[in-house]
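# An overview of the molecular structure
Listed below, chain by chain, are the residues.
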Amino acid sequence: MSEEYPYRIAVLLSGGGTNLQAIIDSIELGKLPVSLAFVASNKAKAYGLERARKHAIPAYHISAKTHGSQHGAEQEIYRLIQEHQVHLLCLAGYLKKLSPFLITKMRHRIINIHPGILPFLGGKGLYGHHVHQRVIELGMKISGVTIHLVDEEYDHGPIIAQEGVAVADNDDADSLAERVLKVEHKLYPQVINYFAQGKIRLEARRIYIDD
Ligand code: GRF
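Predicted, not measured: the structure shown is a model, and the values here were computed from it. (Residues numbered from 1 in each chain as written. Predicted model: local features only at pLDDT ≥ 70, side-chain atom pairs only at ≥ 80, totals over all residues. Heavy atoms only, no water.)

## Things to note about the nonpolar core
Selection rule: Residues enter a nonpolar core if they are buried and are Ala, Val, Leu, Ile, Met, Phe, Trp, Tyr or Cys, with the set joined through side-chain atoms within 4.5 Å. A 1.4 Å probe rolled over the protein chains alone gives each residue an accessible area, and that area as a share of the maximum for its type sets the label: buried under 20%, exposed over 50%, partly exposed in between. Secondary structure is summarised from DSSP: a helix means a run of H or I of at least four residues, a strand means a run of E of at least two, and numbering begins at the N terminus for each. In this entry, domain limits derive from an automatic or database-based domain assignment.
Counting residues in hydrophobic clusters, the biggest one holds 42 residues, and the most contacted among them are Ile9, Val11, Leu36, Val39, Ile111, Tyr188 and Ile192. Top contributing element to this core by residue count: helix H7 (residues 173-196), with eight residues. Each of domain 1 (1-106) and domain 2 (113-148 + 161-211) contributes no fewer than three residues to this core. Core analysis: the next-biggest nonpolar cluster, separate from the first, contains 21 residues, Ala10, Leu12, Phe38 and Leu91 among them.

Okay, structure coming up:
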């Protein structure tokens, strides 16, 4: 990453990291004026770590295995957040539930992207492909993307942004996932930019995006 911007983010992920890539691309295209301080994964082999390294972004494997327990892992993540003076922690396919420790330290400064419409299609077990599978099983005509603040419950924090995706008659979970992912890649960098511009305001569980 070339330029240094004062607003700093970090990304946690567990898998392929296409959302991370969308963030990196937006930064490199000059559309997202933030610095990506580090990427961490609970999975040593997550391809998202590779993506980060290709762009010279510090990338760490931090898990209960490497740090003794989930609490130990979160302490290390928080240490890095402080060291890099990170403003916003972005979960992008991070499959571990964060404990109250990190959520309290970073209250209203952790966001997550979910490949479905919350609060209806979320919660324990309803992540990634399971969401699309459920949408197809239920015969829903609309799915979408939700970006929300992270609190102590799965997929529960205040909603920041949502965008619908129409379900086609011939969709299966894979084809739907593909179209939802395209919207994720557009919406996540946008929302991060709103944070960086100081446009996000929270009042009584409701989020407003100021002009
Ligand atoms: C995305 O669908 C995201 O909404 C969900 O996990 C998936 C991560 O995909 N939380 P990727 O690793 O960014 O490709």
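## Things to note about the environment of glutamate 28
If you trace the backbone, glutamate 28 turns up in helix H1 (residues 18-28). Take glutamate 28: its relative accessible area is 45%, and that puts it in the partly exposed class. Separated by 43 residues in sequence, glutamate 28 and histidine 71 have C-alpha atoms that sit 34 Å apart.

## As for helix H4 (residues 70-83)
Put simply, the test is: Expected span, for any helix, means 1.5 Å times one less than how many residues it has. Contacts were defined at the residue level, with two residues in contact if any of their heavy atoms lie within 4.5 Å.
Taking 1.5 Å of rise per residue, 14 residues should cover 20 Å, and H4 covers 20 Å from first to last C-alpha, within 8% of that figure. All of the buried residues in H4 are Gly72, Ala73, Glu74, Glu76, Ile77, Tyr78, Leu80 and Ile81. Contact partners of the buried residues in H4: strand S1 (8-13), strand S2 (35-41), strand S3 (59-61), helix H3 (64-67), strand S4 (88-91) and helix H5 (100-105). Phi turns positive, to about 50°, at glutamine 85, one or two residues after H4.

## Here we look at the UniProt feature "active site" (unreviewed entry) in the protein
Note the cut-off: UniProt positions are given in the numbering used here, feature names are shortened, and annotations may be inferred rather than shown by experiment.
When the UniProt feature table is mapped onto this chain numbering, "active site" (unreviewed entry) sits at His114. Examined against the element boundaries, histidine 114 turns out to sit in strand S5 (residues 110-114). Among the residues examined, histidine 114 registers a relative accessible area of 2% and is labelled buried. When near neighbours in sequence (up to four residues on either side) are disregarded, histidine 114 contacts Leu121, Gly122, Leu126, Val131, Gly144, Val145, Thr146 and Asp155.

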